[in-house]
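Each chain, letter by letter, is given below.
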Amino acid sequence: MRALEMIKAELSTKAGRIFTAAAIVAVILPLVVRDQFFINAMMLVYMYSIIALAWNLMNGYTGLLSFGHAVFFGIGAYTLMLLLYRGVTPWIGMLLGGLLSAGFAFLLGVPFSRLRSHWFALGTLVLGEIFLIVFANWRAVGGALGLDQPRRFLLSPPSIYWLNYARPTPYYYLALGILGLELLSLYAILNSRPGYFFQAIREDEEAAMASGINVTLYKCISMAISGFFTGVAGGIYTVRFGYIDPYAVFSMMRISVYPVIAGLIGGVYSLIGPIIGSLIFVPTAEYLRAIVGGTLGSRFQGVHFASFGIVLLIISMRIPEGLMGWLEMRGLLKPLMASGGGGDER
Amino acid sequence: MVDLWLLGQATTSGLLLGCIYAVVALGLSLIWGVMEIVNFAHGDFLMLSMYLSYFLFTYLGLDPLVGAILGFLMGLALGLLIEKGLIEKVLGSPPIVTILVTFSILLIIRYGAMAAWGPGVKTLHPWYFMAILDLWGVRISMAYLIGALISLAATIALHIFLTRTYTGIALRATSQNRLAAELLGIDAKKMYTLSFCIGVALVGLAGGILSTFYYVIPEVGGRFCMLSFVIVVLGGFGSLLGTFLGGLIIGVAEEISAIFIPPVMKDVVAFILFLLILMLKPSGLFGEVTR
């Protein structure tokens, strides 16, 4: 309940009021704007925000840089799809997908917690490639062709039980709702003992160990929480698009790299930084793809992704603290949510 | 019951392939050992060199092995350019910054190549592409054999450089203790640049060798980045002998496992081997310190 009181206090500050206003705008947006492409793009912003927040729990708060979040995303996406074939509602599928992903992330933490900074990042990158190879060659889950949603969903009338709508608005609210839940949970976690332990591990692993923190266990816990929300985001993808294939859901560029860029643009030492980053980055990438993508053909992908690299290079060399950190350092912004991150210490 | 001949065959080609893998991984290991930086773009420098060989062979008719030597020189130049232009500016920053900088270089090179040369598969066929050498019943691909011999020579040359020359000894001193090396008058910054150049040049050499029997696509770097990573972890971080033996083990493991399971899954075997090593002996098979 301490967390609830803290949130109340946060929301009564000036920045908190801006945040509340933004949340209200987000809720009424689909009622005002009729442009379906825009609503869909905003839904993607929330979906990627969910991943970016989860990614940043590992990167910004525990010091574990991951280039392989597509693995957790894909596990969630495939779990939901396979359960749909068994006639299980997507709501349960989404939850189970998240839990399975969390379980996998926790187990992965056992060997991976031995890898330090650089090698951890390289290990996650490699893991993504391995999952792509395995799923592209695994006949039982559709192989390289992937899986279509069961035919009867296309025929049955849209319902909240099956989440089989054609228009993007219901998914917009689904993603927004889950993002809100995630933000609250992460806030509560980060302002409790595990949250402090994560940050202690990020600052100095040896010192954390010397103070009696079980470093391996807490790395695993951080990965499990991160894996859970990323898996749920994978579920959102499956219900929204109704079709998954390994090259889409285990994609390094489309899934794993997005949260990295979004997190860095927004700022990794602030809780809501990754959301701000997604708000800037995801629509830019989506509109660019829609407008320019058609004219350049297959080479466009090369130009598109190479430009991601240039953006990432400039940010990491010039403003590694991100937009939120940059604003905070110039005193233009007080830490919006008491993030406890490095942003206010430096 | 598996044919013994088949096992011998797989072991032989695994060892030859392993020598080449080892050279790819040596660059990664050397840069880590001296600079404590992991070069994420490692596999993509390899890809660039493969394209160099491809273009030289297709348009000028140059043998890919000449291409490999030019790849080595290109690696030296590229390494110098990138180390001086980008890496040196972020040395001493938190690890996340150096990781992201090399990762951005990966994205720019890999997808720049896709934009420039298209995503299609390219192959080149020198005279020894399909040539087979029969050695007491064991059949050896000429391309593997030539590649392995050059790789072996490169590894020995690197070993001699690191143990017999003043510069090489200074490089090792920097990797062991930067401060002490600087007190003895070694310019650590120069050593960093040198190790990065040699690391990229080695992978440039390996790219030319690999192009004689491996297909060339913009994303080919991903697979070799993965293999180098597994090899370096297997051999113990930053240990040159360990890295070489790690390369041989992975080469043999891949070739033998390809007998039992579909060949596309052989990378998965390498990865599982890596997970086992991390859980059972995290310092690697031949390493001494855990990083």
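Please read these numbers as outputs of a predicted model, since none were measured by experiment.

In this section: the overall build of chain A. Looking only at helices and strands, chain A has 16 helices and two strands in total. The C-alpha atoms of chain A give a radius of gyration of 20 Å, which matches the 20 Å a tight globule of 346 residues would have. Over its C-alpha atoms, taken along the principal directions, chain A stretches across nearly 55 × 45 × 45 Å. Classification of the 346 residues of chain A by burial places 58% in the buried group. Partitioning the intrachain contacts of chain A with sequence separation of at least 6 by distance along the chain shows that 78% fall at a separation of at least 24. Roughly 14300 Å² of accessible area belongs to chain A as shown, and the carbon and sulfur atoms make up 68% of that amount.

In this section: the packing of aromatic side chains. Scanning the entire structure with this criterion turns up 42 aromatic pairs over all chains. Centre to centre, the rings of Y237 of chain A and F241 of chain A are 4.8 Å apart; their planes meet at 50°, and the pair counts as tilted. You can see Y237 of chain A and its partner F241 of chain A sitting in helix α11 (residues 215–241), four residues apart, about one turn around the helix. Members of the aromatic cluster, joined through ring pairs, are F72, Y78, F104, F131, F135, W138 and F250 of chain A. Across the ring face of F241 of chain A, the terminal group of R240 of chain A is positioned such that the distance to the ring centre comes to 5.6 Å. For the cation-ring pair, R223 of chain B lies above F224 of chain B, with the distance from its terminal atom to the ring centre recorded as 5.6 Å.

Counting 206 residues, the largest nonpolar core has F67 and W119 of chain A together with F40, F103, L107 and F274 of chain B as its most contacted members. There are two domains that each give this core at least three residues, and those are domain 1 (41–128 + 139–218) and domain 2 (220–291) of chain B. Leave out the neighbours within four places in its chain, and F67 of chain A touches A121, T124, L125, S256 and V260 of chain A together with F40, I99, L100 and F103 of chain B.

Any two side chains of opposite charge can pair, on the condition that their charged atoms come close. Residue and element names in this part refer to chain A. If you walk through the whole model with that rule in mind, you get 11 salt bridges over all chains. Between R116 and E205 there is a salt bridge whose closest N-O contact spans 3.2 Å. Note that R116 is positioned in the loop between α5 (90–112) and α6 (117–136) and E205 in helix α10 (residues 205–210), a separation of 89 residues in sequence. Classification of R116 as partly exposed rests on a relative accessible area of 28%. The class for E205 is buried, based on a relative accessible area of 13%.

Turning our eyes to something else, we now look at the interface of chain B and chain A. Taken residue by residue, the interface counts 48 residues in chain B and 42 residues in chain A. For the chain B and chain A pair, buried surface summed over both sides reaches about 4000 Å², with 83% attributable to carbon and sulfur atoms. In this assembly, chain B and chain A are joined by zero salt bridges. Between the two partners, chain B and chain A, sit three residue pairs in polar contact (both at pLDDT 80 or more).

What follows deals with the confidence of the model for chain A. All names here are of chain A. Chain-level statistics for chain A give a pLDDT mean of 90 and a share of 94% at 70 or above. Averaged pLDDT values over the elements of chain A bottom out at 77 in helix α7 (residues 151–155) and peak at 97 in α11. Segment residues 336–346: pLDDT under 50, and 33 contacts once partners within four positions in sequence are set aside and those in other chains are kept.

Residue and element names in this part refer to chain B. Taken together, the four bridges between strand β1 (residues 132–135) and strand β2 (residues 138–141) define a ladder with antiparallel strand orientation. Opposite L133, over in β2, you have I140 as the bridge partner. Between β1 and β2, which pair antiparallel one after the other, the connecting turn spans two residues, and W136 there sits at a positive phi close to 45°.

Residues and elements named next belong to chain B. Considering the arrangement of structural elements, one finds G14 in helix α1 (residues 4–35). Separated by 238 residues in sequence, G14 and V252 have C-alpha atoms that sit 3.9 Å apart. Residues in contact with G14, not counting those within four places in the same chain, are L248, G251, V252 and E255.

Let us look at the domain arrangement of chain B. All names here are of chain B. Domain annotation for chain B reports domain 1 (41–128 + 139–218) and domain 2 (220–291). Relative to domain 2, the C-alpha centre of domain 1 lies at a distance of 20 Å. Residue-level contacts link 16 residues of domain 1 with nine residues of domain 2. At the junction of domain 1 and domain 2, the tally comes to zero salt bridges. Joining domain 1 to domain 2, the criterion identifies three residue pairs in polar contact (both at pLDDT 80 or more). Elements with a contribution of two residues or more to the side of domain 1 that touches domain 2: α2 (42–60) and α5 (142–164). Per-element accounting of the side of domain 1 that touches domain 2 gives the leading share, six residues, to α2. Grouping the constituent residues of the side of domain 1 that touches domain 2 by class yields 11 nonpolar, three polar and two charged.

This paragraph deals with helix α13 (residues 252–266) of chain A. All names here are of chain A. In this model α13 runs 20 Å from its N-terminal to its C-terminal C-alpha over 15 residues, within 8% of the 21 Å that 1.5 Å per residue would give. With 14 of 15 residues buried, α13 is to be regarded as a mostly interior element. You can read the cap of α13 off the contacts: a side-chain oxygen lies 3.3 Å from the backbone nitrogen of M253, and it is on S251. Phi turns positive one or two residues past the end of α13, at G267, with a value near 120°.

Residues and elements named next belong to chain A. On the surface, W91, I92, L95, L96, L99, I160 and Y161 cluster together to form a nonpolar patch covering roughly 700 Å² of accessible area. The topology assignment puts I160 in the loop between α7 and α8 (169–190). The exposed category is assigned to I160, whose relative accessible area is 60%.

A negative phi angle characterises most non-glycine residues, just as the trans form characterises most peptide bonds. One non-glycine residue, L163 of chain A, adopts positive backbone phi at about 50°. The phi dihedral of E36 of chain B falls on the positive side, at around 55°, and the residue is not glycine. Structurally, E36 of chain B can be placed in the loop between α1 and α2.

All right, on to the side chain of E182 of chain A then. Residue and element names in this part refer to chain A. Checked against the element boundaries, E182 lands in helix α8. The buried charged residue E182 lacks any salt bridge, with R202 as its nearest oppositely charged partner at 16 Å. Each residue touching E182, except ones within four places of it in the same chain, is listed here: S49, I50, L53, A54 and F229.

Residues and elements named next belong to chain B. Where helix α9 (residues 220–235) meets helix α11 (residues 266–280), the axes come as close as 9 Å, and the angle between the chain directions of the two elements is 30°. On the basis of the axis angle, α9 is roughly parallel to α11. Between α9 and α11 the crossing geometry is left-handed. On the side of α9, the interface is formed by R223, M226, L227, F229, V230, V233 and L234, while α11 contributes K266, D267, A270, F274, I277 and L278. A per-class count over the contact of α9 with α11 returns 10 nonpolar, no polar and three charged.

Reading the values: rules and limits
Residues numbered from 1 in each chain as written. Chains lettered and ligands numbered in written order. Predicted model: local features only at pLDDT ≥ 70, side-chain atom pairs only at ≥ 80, totals over all residues. Heavy atoms only, no water. Helix = DSSP H or I, 4+ residues; strand = E, 2+ residues; numbered from the N terminus. Rg over C-alpha atoms; globule rule 2.2 N^0.38 Å. Buried < 20%, exposed > 50% of the residue type's maximum accessible area, 1.4 Å probe, protein only. Contact = heavy atoms within 4.5 Å. Areas by Shrake-Rupley, 256 points an atom, 1.4 Å probe, with all protein chains shown as cover. Phe/Tyr/Trp six-rings, centres within 6.5 Å; stacked < 30°, edge-to-face > 60°. Lys NZ or Arg CZ within 6 Å of the ring centre and 35° of its normal. Core = buried A, V, L, I, M, F, W, Y, C linked by side-chain atoms within 4.5 Å. Domains from an automatic or database assignment. Salt bridge = Lys/Arg side-chain N within 4 Å of Asp/Glu carboxyl O. Buried area = accessible area lost by both parts, 1.4 Å probe. Polar contact = N/O pair within 3.5 Å; in protein donor to acceptor, adjacent residues only side chain to side chain. pLDDT = per-residue confidence, 0-100. Pairing = 2+ DSSP bridges. Nonpolar A, V, L, I, M, F, W, Y, C, P; charged D, E, K, R; others polar. Expected span 1.5 Å × (residues − 1). Patch = residues over 30% accessible without salt bridge, like charges linked within 9 Å, V, L, I, M, F, W, Y side chains within 5 Å. Lys, Arg positive; Asp, Glu negative; His and termini not counted. Axes fitted to C-alpha atoms, helices over the stretch in contact; angles between N-to-C directions. Parallel < 35°, antiparallel > 145°, perpendicular 65-115°, else oblique. Left-handed = near helix turned anticlockwise from the far one by under 90°.

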